[in-house]
Amino acid sequence: MYCPKEKTPAVLEFAKSIVDGGDPVYVDCSPLRDKPQLECFEIVECYASENGGERKLGWSIYIWPEVMIQAEFHAVWCDPFGKLHDISPHELPMKQILFLPDPDASYGKIQQVNNHRMALNPDPNINRLIKVENLIYTEENRGEFAMKDHFVSTPLWESLQKEKLDCLLKLTEEYGPSPGTSAESLEAMKFLSQMFF
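What comes next is a walk through the structure. (Residues numbered from 1 in each chain as written. Predicted model: local features only at pLDDT ≥ 70, side-chain atom pairs only at ≥ 80, totals over all residues. Heavy atoms only, no water.)

With respect to the overall build of the chain
Step number 1: Helix and strand content of the chain: five helices and six strands.
Step number 2: Listed N to C, the secondary structure of the chain is α-β-α-β-β-β-β-β-α-α-α in terms of helices and strands.
Step number 3: Across the 197 residues of the chain, 39% fall into the buried class.
Step number 4: Long-range contacts, defined as pairs at least 24 residues apart, comprise 70% of the intrachain contacts of the chain with a sequence gap of at least 6.
Step number 5: Carbon and sulfur atoms provide 52% of the accessible area of the chain, an area that totals close to 11500 Å². (Helix = DSSP H or I, 4+ residues; strand = E, 2+ residues; numbered from the N terminus. Buried < 20%, exposed > 50% of the residue type's maximum accessible area, 1.4 Å probe, protein only. Contact = heavy atoms within 4.5 Å. Areas by Shrake-Rupley, 256 points an atom, 1.4 Å probe, with all protein chains shown as cover.)

This is the structure:
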């Protein structure tokens, strides 16, 4: 998925469903060198302690046109002058993100935070994908797994992953791949589908 090019009514409706009265803002990306991906909370906290300013928690909003909007829990750096900067590396290079500040958000160092998702049309495979993604999150964070930094696959998790793959393949065929999906990822999806289905 990629950053929405504009704040459409659907994007604004989605933002307000997450944060009451929330108004997402575009934040320029300037990732620090030699920092790991998926570690924004620690990266920003450390950078703020060394350079001033503070860590701001919220949601980075992405879109798969005609399919769904998704918000991922994220942290950005607010410099001493109040300007926001996205200083953490992403899996895909980005010039900017659409960031929704969330003053009520909190971060635990181990337990994950589930994404928010909203379907952009009534295709049953979209709602099926959203349901499966939520079930995967629940399985990965139930019981003792919620307080661990790793997850051991279970039969239910493997079954949910197969269902997710089936949804992704059907949606990709209908609407094209999610923006940012590499050719290698598409080939891997097709290969796995031949194994499972």
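Side note on the pattern of salt bridges
Step number 1: Taken as a whole, this structure holds nine salt bridges when the rule is applied.
Step number 2: Its salt-bridge partner being Arg 128, residue Glu 163 comes within 3.2 Å of it at the nearest N-O pair. Pair noted here: Glu 163 is in helix 4 (residues 155-175) and Arg 128 is in helix 3 (residues 124-140), with a separation of 35 residues, a long-range link.
Step number 3: Relative accessible area serves as the criterion here: at 24%, Arg 128 is assigned to the partly exposed category.
Step number 4: Among the salt bridges present, the one from Arg 142 reaches Glu 139, with a minimum N-O distance of 2.9 Å.
Step number 5: By relative accessible area, Glu 139 is classed as buried at 5%.
Step number 6: It is possible to trace a salt-bridge network through shared partners that takes in Arg 128, Glu 163, Asp 166 and Lys 170. (Salt bridge = Lys/Arg side-chain N within 4 Å of Asp/Glu carboxyl O.)

Some details on the nonpolar core
Step number 1: Core analysis: the largest hydrophobic core is formed by 24 residues, its most contacted members being Phe 14, Ile 18, Trp 59, Ile 61, Ile 69 and Leu 100.
Step number 2: Setting aside its immediate chain neighbours within four residues, Ile 69 contacts Ala 10, Val 11, Phe 14, Ile 61, Tyr 62, Ile 63, His 116, Arg 117, Met 118 and Leu 120. (Core = buried A, V, L, I, M, F, W, Y, C linked by side-chain atoms within 4.5 Å.)

Some words on the packing of aromatic side chains
Step number 1: For the structure shown, the criterion picks out four aromatic pairs.
Step number 2: Taking 4.0 Å as the distance between ring centres and 15° as the angle between the ring planes, the aromatic pair formed by Phe 41 and Tyr 107 counts as stacked. Of this pair, Phe 41 sits in helix 2 (residues 40-51) while Tyr 107 is found in the loop between strand 5 (96-101) and strand 6 (116-119), placing the two residues 66 residues apart along the sequence.
Step number 3: Tyr 107 sits in the partly exposed class, given a relative accessible area of 23%.
Step number 4: Through pairs of rings, three or more aromatic residues link up here, namely Phe 41, Trp 59, Phe 73 and Tyr 107. (Phe/Tyr/Trp six-rings, centres within 6.5 Å; stacked < 30°, edge-to-face > 60°.)

Quick look at unusual backbone geometry
Step number 1: Here the phi dihedral of Asp 34 falls at roughly 60°; this positive angle occurs in a residue that is not glycine.
Step number 2: Here Asp 34 shows up in the loop between strand 1 (25-28) and helix 2.
Step number 3: A positive phi is found at Glu 66, a non-glycine position, where the angle reads about 70°.
Step number 4: Within the secondary structure, Glu 66 is located in the loop between strand 2 (54-64) and strand 3 (68-78).
Step number 5: Under the relative-accessibility criterion, Glu 66 is labelled exposed at 53%.

Some details on the environment of Trp 64
Step number 1: Its place among the elements puts Trp 64 in strand 2.
Step number 2: A relative accessible area of 3% means that Trp 64 is categorised as buried.
Step number 3: For the pair Trp 64 and Gly 180, spaced 116 residues apart in sequence, the C-alpha separation works out to 9.7 Å.
Step number 4: There is a polar contact of 3.3 Å between the side chain of Trp 64 and the backbone oxygen of Gly 176. (Polar contact = N/O pair within 3.5 Å; in protein donor to acceptor, adjacent residues only side chain to side chain.)

Quick notes on the packing of helix 3 against helix 4
Step number 1: In contact at an axis separation of 9 Å, helix 3 and helix 4 are set at 155° when each is read in the N-to-C sense. Classified by the angle their axes make, helix 3 and helix 4 are roughly antiparallel. The handedness of the crossing between helix 3 and helix 4 is left-handed. Touching Asn 125, Ile 126, Arg 128, Leu 129, Val 132, Glu 133, Leu 135, Ile 136, Glu 139 and Glu 140 of helix 3 are Leu 156, Trp 157, Leu 160, Gln 161, Glu 163, Lys 164, Asp 166, Cys 167, Leu 168, Lys 170 and Leu 171, all from helix 4. (Axes fitted to C-alpha atoms, helices over the stretch in contact; angles between N-to-C directions. Parallel < 35°, antiparallel > 145°, perpendicular 65-115°, else oblique. Left-handed = near helix turned anticlockwise from the far one by under 90°.)

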